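Below are the chains, spelled out letter by letter.
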Amino acid sequence: KTGSSSLTLILSGIPGMAVSGSWVAVPLCCLYLLMLLGNCSLLWAMRREQVLHTPMYQLLSMLALADLGLSLCTLPTVLAAFCGPAAALPFRACLAQMYFIHAFSAIESGVLVAMAFDRFVAICHPLHYGSVLSSSLVARAGLLIVLRGVCVVLPVAVLMARMPFCRSRVLSHSFCLHQDMLRLACGDVRPSSWYGLSAVILTKGLDLLAILLSYVLIARAILGTVSPAARAKAFSTCLSHLCAVLIFYIPLISLSLIHRFGKHLPPLVPTLLADAYLLVPPVLNPLVYTWKTKQIRRRILLLLCRR
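Definitions and limits used
- Residues numbered from 1 in each chain as written.
- Predicted model: local features only at pLDDT ≥ 70, side-chain atom pairs only at ≥ 80, totals over all residues.
- Heavy atoms only, no water.
- Helix = DSSP H or I, 4+ residues; strand = E, 2+ residues; numbered from the N terminus.
- Buried < 20%, exposed > 50% of the residue type's maximum accessible area, 1.4 Å probe, protein only.
- Areas by Shrake-Rupley, 256 points an atom, 1.4 Å probe, with all protein chains shown as cover.
- Phe/Tyr/Trp six-rings, centres within 6.5 Å; stacked < 30°, edge-to-face > 60°.
- Salt bridge = Lys/Arg side-chain N within 4 Å of Asp/Glu carboxyl O.
- UniProt positions renumbered as here; feature names shortened; annotations may be inferred.
- Disulfide = S-S within 2.5 Å.
- Axes fitted to C-alpha atoms, helices over the stretch in contact; angles between N-to-C directions.
- Parallel < 35°, antiparallel > 145°, perpendicular 65-115°, else oblique.
- Left-handed = near helix turned anticlockwise from the far one by under 90°.
- Contact = heavy atoms within 4.5 Å.
- Nonpolar A, V, L, I, M, F, W, Y, C, P; charged D, E, K, R; others polar.
- Pairing = 2+ DSSP bridges.
- Core = buried A, V, L, I, M, F, W, Y, C linked by side-chain atoms within 4.5 Å.

Asker: In this structure, what is going on with the overall build of the protein? I would like to understand it.
Answerer: Each helix and strand counted, the protein has 11 helices and two strands in total. Going from the N terminus to the C terminus, the protein shows its helices and strands as β-α-α-α-β-α-α-α-α-α-α-α-α. Buried positions account for 48% of the 307 residues belonging to the protein. If you sum the accessible surface of the protein, you get close to 15100 Å²; carbon and sulfur atoms cover 72% of it.

Below you can see the structure in the form of structure tokens.
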């Protein structure tokens, strides 16, 4: 057995390749650069454009910040794993990265629920939108979402810090995830495993159910609208959020299922899904919202023209 304080874990690039090389590192750098430019431009446009100072875009700002946090906490280890043959990470640094990855993921899930509620009120109760969704309510909701993400993941990190390690020290990914670290531990891993599963169900599982319920009610309201043009307009206001939900939850659910039930699959499958789970939403969310929102598109174009 090895004490966790002196433990060093080895990060993996692409399974089956001794050296990933710059041919993988360069596209990854481009993706991270696109993520930074997209989310920072989104935040800048929403700050400068007065018409975007509404609850919907305040929530979108929170989503962009969560995307930035999720990507930036993985950036150093991902580039280290793909730029060299073997990148090592001290256990405490890996534990901290695991905590922030899962905390930012829980925060992003909570923001997506708040955005679904925003769309529900806007479509089902438009006359009460301003009174229900005030700026103070959005601020309180944002604080609760952050506190939930921070607190629910903390026991995961505490339990992992107490685990002894006696197996291989090679991780399956280029960053630290709970289930990936747990498979390297020895002793009784059931408390940590069951708490991790419960935390996922009570946060992302309930969040997904809340989003689905919101869209069932939204669909009923839209289908009850007489005018086809009004139905199309109402659906269009939900399209960006639906895309954000799909690109966040599909890789997340697939990765969770594979970690628990897909041990017979090739190692490349969970690696690609994990990379998609952490990279695809932060890269695509700004593109989707910029494409669908005229004011954001106009402000970013103005910025580009000045440059």
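Asker: Looking at this structure, how should I read the packing of aromatic side chains?
Answerer: Aromatic ring pairs are described here by two measures, namely the spacing of the ring centres and the angle between the planes. Inspection of every chain in the model, using the stated rule, returns six aromatic pairs. On the basis of an interplanar angle of 35° and a centroid distance of 6.3 Å, the ring pair of phenylalanine 117 and phenylalanine 120 is categorised as tilted. You can see phenylalanine 117 and its partner phenylalanine 120 sitting in helix H4 (residues 91-124), three residues apart, about one turn around the helix. Assessed through its relative accessible area of 17%, phenylalanine 120 is described here as buried. An aromatic cluster is built from Tyr99, Phe100 and Phe104, whose rings are joined through pairwise contacts.

Asker: I keep staring at the pattern of salt bridges and nothing clicks. Help me out?
Answerer: Once the charged atoms of two side chains with opposite charge are near each other, the side chains can pair. Counted according to the given criterion, the structure contains four salt bridges. Linking arginine 148 and aspartate 207 is a salt bridge whose minimum nitrogen-to-oxygen distance equals 2.7 Å. With arginine 148 in helix H6 (residues 135-161) and aspartate 207 in helix H8 (residues 190-223), this residue pair connects regions lying 59 residues apart in the sequence. Residue arginine 183 is joined to aspartate 180 by a salt bridge in which the shortest nitrogen-to-oxygen separation is 2.8 Å. Of the residues examined, aspartate 180 reaches a relative accessible area of 0% and is grouped as buried.

Asker: Just to check I follow, could you spell out the UniProt feature "transmembrane region" (unreviewed entry) in the protein for this structure?
Answerer: With numbering matched to this structure, UniProt assigns "transmembrane region" (unreviewed entry) to residues 20-45, 57-79, 99-117, 137-161, 239-262 and 268-289. From the first C-alpha to the last, residues 57-79 spans 32 Å; its make-up is 91% helix and 0% strand.

Asker: Would you explain the state of the cysteines in this entry?
Answerer: Cysteine pairs can be linked by a disulfide, which is a covalent bond between their two sulfur atoms. Under the defined criterion, the tally for this structure stands at one disulfide. Covalently, cysteine 94 is tied to cysteine 176 through a disulfide, its sulfur atoms 1.8 Å apart. Torsion about the S-S bond of the cysteine 94 and cysteine 176 cystine: about -120°, corresponding to left-handed handedness. One end of the pair, cysteine 94, is in helix H4; the other, cysteine 176, is in the loop between H6 and helix H7 (178-182), and 82 residues separate them in sequence. Summarising the burial analysis for this pair, cysteine 94 and cysteine 176 share the class buried. Not part of a disulfide, cysteine 124 finds its nearest cysteine sulfur in cysteine 238, a span of 8.7 Å.

Asker: Help me understand the packing of H6 against H8 in this model?
Answerer: Helices that pack against each other are described as a pair by the angle of their axes relative to one another and the distance between those axes. Contact geometry for H6 and H8: axes closest at 9 Å, N-to-C directions at 165°. Here H6 is positioned roughly antiparallel relative to H8, judged by the angle of their axes. Taken as a pair, H6 and H8 cross one another with a handedness that is left-handed. Between H6 and H8, the contacting residues are Arg148, Val152, Pro155, Val156, Leu159 and Met160 on the first element and Pro191, Ser192, Tyr195, Gly196, Ala199, Thr203 and Asp207 on the second. Residue classes in the contact of H6 with H8 are distributed as eight nonpolar, three polar and two charged.

Asker: Just to check I follow, could you spell out the pairing of strand E2 (residues 87-90) for this structure?
Answerer: Two faces belong to every sheet, and in a regular strand the side chains alternate between them. The alternating pattern of E2 places Ala87 and Leu89 on a buried face and Ala88 and Pro90 on a face that is not buried. Taken together, the four bridges between strand E1 (residues 8-11) and E2 define a ladder with antiparallel strand orientation. Looking at the pairing, leucine 9 lines up with leucine 89 of E2.

Asker: Which parts of the structure should I look at to understand the nonpolar core?
Answerer: Judged by nonpolar contacts, the single largest core of 84 residues is most densely connected at Leu60, Leu112 and Met181. Considering every element that reaches this core, the biggest residue donor is H4, with 17 residues.

Asker: Can you walk me through the environment of isoleucine 258 in this structure?
Answerer: One can find isoleucine 258 in helix H9 (residues 228-261). The exposure class of isoleucine 258 is buried, given its relative accessible area of 15%. Counting along the chain gives 12 residues from isoleucine 258 to proline 270, while the straight-line C-alpha distance between them is 6.7 Å.

Asker: What am I meant to see in the environment of leucine 52 here?
Answerer: As for its position among the elements, leucine 52 is in the loop between helix H1 (22-48) and helix H2 (55-72). A relative accessible area of 2% means that leucine 52 is categorised as buried. A C-alpha to C-alpha distance of 8.2 Å links leucine 52 and isoleucine 296, two positions 244 residues apart in sequence.

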